[in-house]
Amino acid sequence: MLKRLIPVVTLIGFLCAGSIAAAGDAQDQLKISMDKVIALLSDDSLKAPEKTLERRGMIFDVLRGCFDYAEMGKRSLGRHWKDISEEDQDKFVDAFSKLMQNSYILKIERYSDEQVIFKGERTKGKYYYVYTDIVSSEKKIPINYSMHAVGNNWLVYDVIIEGVSLVKNYRTQFAQTMQKESFAGLMGKINKQLKKLEDRLQEEKGA
């Protein structure tokens with residue numbers, strides 16, 4: 001059920017770090033954080049195999065300042081969110097965030113000078129939308145970010161890749177599993193996928 005999920009997640013691109021939540025700041029956060037992530041990937045002092053875990057931790061710090069994982073999890077489970085306990089909601093958000101982070105890091109560590117082109121932005125109430133293209137020598141991938149204000153930060157709650165909503169993609173797959181196997185079945189599939197990702201991360205860290 002989750003086989004089609006990972007290729008979509010890995011295309012997310014370079015994301016945002018927190019700042020002051022005011023009109024126009026969302027796009028600025030994206031630009032600033034892209035520079036941060038690229039700088040980490042380009043830092044020669046962090047390229048040695050023994051520095052892999054340190055570099056990944058620093059990139060994860062950027063992601064944690066960007067994603068509203070609880071909101072993404074809630075939207076991804078849709079109507080099933082209210083049917084599970086708060087304890088299960090917390091377990092799901094924890095696993096969901098790890099799934100996204102681990103999938104992302106496997107892609108981003110293969111960074112090879114792609115360029116990010118900002119095409120525009122718009123606001124609608126408390127929501128903000130930033131439109132970009134990820135451009136390489138071979139192709140161009142449109143990636144749009146849906147963000148909302150949470151306190152003093154702009155946080156991403158959805159990513160639209162080539163017209164496909166990440167949250168909606170998850171919601172469809174998660175709903176099918178919930179209907180057939182219940183929440184326990186869904187968590188089993190997510191944890192199984194996480195184990196595969198963690199094994200790959202271990203293999204690729206140069207240890």
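From a predicted model like this one, the values you see are computed outputs, not experimental measurements.

Caption draft 1: Region of interest: the overall build of the chain. Along the backbone of the chain there are six helices and five strands. Beginning at the N terminus, the succession of helices and strands in the chain can be written as α-α-α-α-α-β-β-β-β-β-α. Within the chain, the proportion of its 207 residues that are buried is 47%. When contacts within the chain are restricted to residue pairs at least 6 apart in sequence, long-range pairs at least 24 apart make up 60% of them.

Caption draft 2: A look at the packing of helix H5 (residues 86-108) against helix H6 (residues 166-204). Across the interface, H5 lies against H6 with an axial gap of 8 Å and an inter-helix angle of 50 degrees. Our classification of the angle between H5 and H6 gives oblique. The interaxial crossing formed by H5 with H6 has left-handed handedness.

Caption draft 3: Structural context of the sheet that holds strand S5 (residues 164-165). With antiparallel pairing, five strands are arranged side by side in an open sheet as S1-S2-S3-S4-S5. Taken across any chain shown, the strands that pair with only one partner, and hence form the sheet edges, are strand S1 (115-124) and S5. Here eight bridges tie strand S3 (residues 140-150) to strand S4 (residues 153-161), and the two strands are oriented antiparallel to one another. Counterpart to Ser146 in the pairing with S4 is Asp158.

Caption draft 4: Region of interest: the layout of surface pockets. Taken as a whole, the second largest pocket spans an internal volume of roughly 190 Å³. Residue lining of the second largest pocket: 13 residues in total, with Leu41, Arg55, Ile108, Glu109 and Arg110 positioned closest to the centre. Elements with a minimum of two residues in the lining of the second largest pocket: helix H2 (25-42) and helix H3 (52-64). Per-element accounting of the lining of the second largest pocket gives the leading share, three residues, to H2. Residue composition of the lining of the second largest pocket, by class: five nonpolar, two polar and six charged.

Caption draft 5: Geometry of the pairing of strand S2 (residues 127-135). Taken together, the nine bridges between S1 and S2 define a ladder with antiparallel strand orientation. Opposite Ile117, over in S2, you have Asp133 as the bridge partner. In sequence, S1 turns back onto S2 through a hairpin of two residues, with Gly125 there showing a positive phi of about 65 degrees. Between S2 and S3, which pair antiparallel and follow one another directly, the connecting turn spans four residues.

Caption draft 6: View of the nonpolar core. Within the largest apolar cluster, 54 residues are counted, with the highest numbers of intra-cluster contacts made by Phe67, Met72, Phe92, Met100, Met147, Val159 and Phe174. Those elements giving two or more residues to this core turn out to be H2, H3, helix H4 (69-77), H5, S2, S3, S4 and H6. At twelve residues, the largest contribution of residues to this core is made by H6.

Caption draft 7: Structural view of the confidence of the model for the chain. Summarising the model, the chain shows a mean pLDDT of 81, and 86% of its residues fall at 70 or more. The model gives residues 1-21 a pLDDT under 50, and that stretch makes 88 contacts with residues more than four places away or in other chains.

Definitions and cut-offs
Residues numbered from 1 in each chain as written. Predicted model: local features only at pLDDT ≥ 70, side-chain atom pairs only at ≥ 80, totals over all residues. Heavy atoms only, no water. Helix = DSSP H or I, 4+ residues; strand = E, 2+ residues; numbered from the N terminus. Buried < 20%, exposed > 50% of the residue type's maximum accessible area, 1.4 Å probe, protein only. Contact = heavy atoms within 4.5 Å. Axes fitted to C-alpha atoms, helices over the stretch in contact; angles between N-to-C directions. Parallel < 35°, antiparallel > 145°, perpendicular 65-115°, else oblique. Left-handed = near helix turned anticlockwise from the far one by under 90°. Pairing = 2+ DSSP bridges. 1 Å grid on protein atoms, 1.4 Å probe; cavity = no way out; pocket = protein on both sides within 12 Å on 5 of 7 lines; lining within 4 Å. Points joined across faces, edges and corners; volume = space filled by probe spheres on them. Nonpolar A, V, L, I, M, F, W, Y, C, P; charged D, E, K, R; others polar. Core = buried A, V, L, I, M, F, W, Y, C linked by side-chain atoms within 4.5 Å. pLDDT = per-residue confidence, 0-100.

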